[in-house]
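Okay, here's what each chain looks like letter by letter:
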Amino acid sequence: MDDEIEVDPRPLSSRRSFTLRNSAARQVAVNFMPSRQIPYNTLRLRRNNTENNALLTDVAEAADEADNADVQANIIVREMEQHHQLMEDTPDAEELRREALRELPQGLTMKRNVRAKLSASVSLRSKRKPISLWKRFKYRMSFGWKRTKDRMRDLVFSIELWYEAIRNIEGHFGSAVGSYFYLVRWLFTMNLLLSGMVILFVVVPQVLHDKPDRTVNFGFWDFISGQGWLEDSLLFYAHYHDGAVVTAGLSYYMPFAYFFTMVCLYLTCFAVLCYRTAYSYRRNFIETGGGVTLIFANKVFCGWDFGIVSHKAAELTSTSIYNEFKELLSEQNRNKVSMPVCVRICQYMTNVVATGLVLALVVAVNWGLWHMLEAETEWAVWELAVSALLTLVVTLCPLVFYGVVKLEYYTRRTAVYVTLARTWLLDMGALMLLLVYWSRSNTDCWETRFGQEAYRLVLLDAVVSLLVLPAIEFIRALIYKLNPDSSAPEFNIAYNSLTLIYNQGVLWFGLLFSPLLVVAVTIKFFILFYVKRECALRACQPARKVWRAAQTQTVLYVLVTLSLFATLFGLGSLFFRSSSKVCGPFRGYETVYSVLSEGALRLSEHPAAATILAFFGRPGPLAFILLFLCVSVYYMRARALAHSSMVVILRHMLVLQAKDKDFLLNAIAKVSNGEWSYSPKAAEGPDSHTWKYIRDVRKPSNSGFHFDASRLSHSFGDRPRSRVKEYRPYSHLTERSKSNDGDTDSSFSWQGSSSRLAQAEDDKRWP
Amino acid sequence: MGQGKSQFTEEELQDYEDLTYFTKKEVLYAHQKFKALAPEKVGHNKNAKLPMAKVLTYPELKVNPFKDRICKVFSSSNDGDCTFEDFLDMMSVFSEMAPKAVKAEHAFRIFDFDGDDMIGVSDLREVIQRLCGPELKLTDSEIQQLVQNVLEEADLDDDGALSFAEFEHIIDKSSDFCHAFRIRL
């Protein structure tokens, strides 16, 4: 045997060269590997058009395409039969089968084929046991529920509001701007439902109770400021009756109705928002975090928005992707000097100082607001002026914050989030301040005053966002048309979303004190949709930079939820303290909370229950609960860190495995090409790997090479075997092709060894 | 949406509803859109096979750089001509209700230009060139660098190409994929 240098010199660099070695034997070996044969959860099977599909080439010779499809259908059905819960004869299993069929990556004809075969197989296996009454009842319930859900989906699709309009916008501007309009629609729907409930349970009984003898006499000034005639109308808290409303023999107790409706609506909204926020956060932040961030891969595969329709948007997207590629590459090529520590500290200090300044600004605004409220003037329109000033501040501050954040050292996306958070803080601070001021002032009926304040804010903001801002947008568009060199007006998603959050925040605060406010806000959102749509379509250009929509959406949901949380906190603490004695539906009660404790639960008559409730309100149990939450958060975080270090280990293992696979495939390719000598180099000593391999694994022979894998020094026999029964569904196919391979000696039972190799790889996978 | 109802029976609609992610009304709406591509031909035979050129006049496909790949992947005869069922399949995968795994599967097929079940270097080059559009061209070394970067980030077993598992891993980590890979009816 000649000394043939067989060992393939590994490239010196750690990265492999990128050419796939496409020898036929190697390809066949790769195709027979279990990882290529056993379908994944998604039942991947290639469609008929790949030439390298060794499974079907033999079959294709014999039969025509119809049979080919049949064979493939059989393979799929055989795989699905492995899952026992799919094969039962129950409606649940039917549902599972339907889902599995939907996920099949095949055409509809193949799916029908598979479905027919599957149901034949199922009916063959079903045991025909009589099902008990309970089971039948359960099936009927679940089936009925499914049918209702489907019908609801159908209904929602046919009445889906603004479907074409949003699709049109998405086609022109991309999915980020589309997501803004989806948020408008979602908030509009929620407010619509809220107003429906409020009108039904609170306003209508009050209307029935009211005596229709008041003359309608209000002027423009009353409409704007909410005072005068409007003060004692359905719009505000004070008007509502505090006793029972009696009509046609039915008695309806208003305080209970008002209290419970409001509380239930608030809590339901809070629950729905929390769920939505958590779902959005989980999908967009948690599931994608941990491990290496895939910047390039993300850009290449998820960069193109498949929903765009217009040529212009497509051109702009191409240009922006091109620019981003160039930017990323140039960033990489620049010699990245790691910034010295003092520069980084400098940047950090700048950020801290800027944040401090912003907080100081927020505090200053609040302080100014407080003093303005307290100032005693004879201006009749003083309160209106205060509201107008507050609206102005809320509109202009985001622009100030944008400017401030440009001076700081944040990445672009973090800068947006920071600005959003700061503006939110300003808005919430102002609203909380108003609430505190009015509740502490000793005016009678402070609730109505606060309700009026909320009403004025909504109205003035409507003027600004429905009239002033669109006008500015159109003027900018005009300037751009006359002078194309200036910057194109783009649809500013962050700024517009802030308007939405502000309005929603005002609504949360004002809903309790002004029930019809929700109707006003609903109408406002309705008009806002159309105004913004016209603005976007006529005055704006598609954005130059690609905007990450999903994560921004999560942040917006978080802000809306936090607004509601702050509201609940503020109102909750008010509930426990006092109640207005002179007006409103809770006149007869000490504190608003006593509507619940005295009125509904009658706790004074059940001292035991009262003591239990009082116990839970004390600091002890609350501190305990808080501590428990902290401990669970710490535990989750520890688990997450453990998982990410596990990910690092597994990635390392993957690379090593691939190297093993490559080595073995090379050996197979060489053997099948006739180069089956494996001779050690002269320089290697008797203990080298090559000599060991020859002694222990290879029987020295001139012909008939028998690759006895069981003799390998790292013996498989001692490995703990997995308990999984070896299942080789395609064994008949592999046996057939063995005879076709003319190169190898028939005594080379690499087929057996391939299963051994595969088993070895399996063993490696489950150590 | 009412006029299309006469062309389909209730069982056919139920059949489509079972096999795709659409409701019956959405199926009818999809048929309306399909008919708009070639009204006379589809009027005669509701499951008519339209040539690829006609299918590519659909608004979202017209401006898409991967339009021919999309048609080829979903076409049952693998040459790009689509029947209504292929079109329905396409819209179902691109719809909102389709789970991420199904979309990832088809995205893999779309990006696999040479059909060897791996996204290799040539496939990546093709994808990048198509993304940048027909006018703007990156230099060869830039494309090479980009391909290298992608493989460095995503090629976990270091074999020079992306298998489906690695591609699915990329998609799992991307929060924008479902937003991007979506065509609304």
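Residues numbered from 1 in each chain as written. Chains lettered and ligands numbered in written order. Predicted model: local features only at pLDDT ≥ 70, side-chain atom pairs only at ≥ 80, totals over all residues. Heavy atoms only, no water.

- Looking at an unreviewed UniProt entry, chain B carries the name Calcium and integrin-binding protein 1-like, with the source organism given as Bombyx mandarina.

- Per an unreviewed UniProt entry, chain A goes by the name Transmembrane channel-like protein 7 and belongs to Bombyx mandarina.
- What UniProt states about chain A under its Subcellular location (unreviewed entry) heading is, verbatim, "Membrane". (UniProt positions renumbered as here; feature names shortened; annotations may be inferred.)

Brief notes about the interface of chain A and chain B
- Listed as interface residues are 83 residues of chain A and, on the opposing side, 91 residues of chain B.
- Regarding the contact of chain A and chain B, the summed buried area is about 8100 Å², with carbon and sulfur atoms giving 56% of it.
- Our count for the contact surface shared by chain A and chain B stands at 6 salt bridges.
- D15 of chain B is paired through a salt bridge with R112 of chain A; the nearest N and O atoms lie 2.7 Å apart.
- Between chain A and chain B we count 15 residue pairs in polar contact (both at pLDDT 80 or more) in total.
- A per-element tally of the side of chain A that touches chain B places helix α13 (residues 311–333) of chain A first, with 11 residues.
- Residue composition of the side of chain A that touches chain B, grouped by class: 32 nonpolar, 25 polar and 26 charged. (Contact = heavy atoms within 4.5 Å. Buried area = accessible area lost by both parts, 1.4 Å probe. Salt bridge = Lys/Arg side-chain N within 4 Å of Asp/Glu carboxyl O. Polar contact = N/O pair within 3.5 Å; in protein donor to acceptor, adjacent residues only side chain to side chain. Helix = DSSP H or I, 4+ residues; strand = E, 2+ residues; numbered from the N terminus. Nonpolar A, V, L, I, M, F, W, Y, C, P; charged D, E, K, R; others polar.)

Some remarks on the packing of helix α8 (residues 100–111) of chain B against helix α11 (residues 164–173) of chain B
Residues and elements named next belong to chain B.
- Contact geometry for α8 and α11: axes closest at 10 Å, N-to-C directions at 125°. Relative to α11, the element α8 is oriented oblique. Our pair here, α8 against α11, has a crossing hand that is right-handed. Taken together, the residues of α11 that come into contact with α8 (itself represented by K100, A101, A104, E105, A107, F108 and F111) are F164, F167, E168, I171 and D172. (Axes fitted to C-alpha atoms, helices over the stretch in contact; angles between N-to-C directions. Parallel < 35°, antiparallel > 145°, perpendicular 65-115°, else oblique. Left-handed = near helix turned anticlockwise from the far one by under 90°.)

Notes on the pairing of strand β2 (residues 250–253) of chain A
Residues and elements named next belong to chain A.
- Inspection of the sheet shows strand β1 (residues 244–247) paired to β2 by 4 bridges, in the antiparallel sense. The partner of V246 across the bridge, within β2, is S251.
- Linking β1 to β2, which pair antiparallel, is a turn of 2 residues; within it A248 sits at a positive phi near 50°. (Pairing = 2+ DSSP bridges.)

Regarding the nonpolar core
All names here are of chain A.
- Residues L434 and W508 are the most contacted members of the largest nonpolar core, which totals 102 residues.
- If one sorts the elements of this core by residue count, helix α9 (residues 175–209) sits on top with 15 residues.
- L434 has contacts with L369, L373, L390, F450, E453 and L457, leaving out every residue within four places of it along the chain. (Core = buried A, V, L, I, M, F, W, Y, C linked by side-chain atoms within 4.5 Å. Buried < 20%, exposed > 50% of the residue type's maximum accessible area, 1.4 Å probe, protein only.)

Some thoughts on the UniProt feature "transmembrane region" (unreviewed entry) in chain A
Residues and elements named next belong to chain A.
- The feature "transmembrane region" (unreviewed entry), as annotated in UniProt, sits at residues 186–208, 256–275, 348–369, 381–404, 458–479, 516–533, 554–576 and 612–636 in this numbering.
- Counting secondary structure, residues 516–533 comes out at 94% helix and 0% strand; the distance between its end C-alpha atoms is 26 Å.
- From the first C-alpha to the last, residues 554–576 spans 33 Å; its make-up is 96% helix and 0% strand.

Quick look at the UniProt feature "domain: EF-hand" (unreviewed entry) in chain B
- Following the UniProt record, one finds the feature "domain: EF-hand" (unreviewed entry) at residues 99–134 and 142–177 of chain B.
- Secondary structure within residues 99–134 of chain B divides into 64% helix and 0% strand; the distance between the first and last C-alpha atoms comes to 32 Å.

Some words on the side chain of R102 of chain A
- With respect to the secondary-structure elements, R102 of chain A resides in helix α5 (residues 91–103).
- A distance of 3.4 Å separates a polar side-chain atom of R102 of chain A from the backbone oxygen of D18 of chain B.
- Ignoring any residue separated from it by four or fewer positions in sequence, one finds R102 of chain A in contact with K111 of chain A together with E17, D18, L19, T20 and Y21 of chain B.

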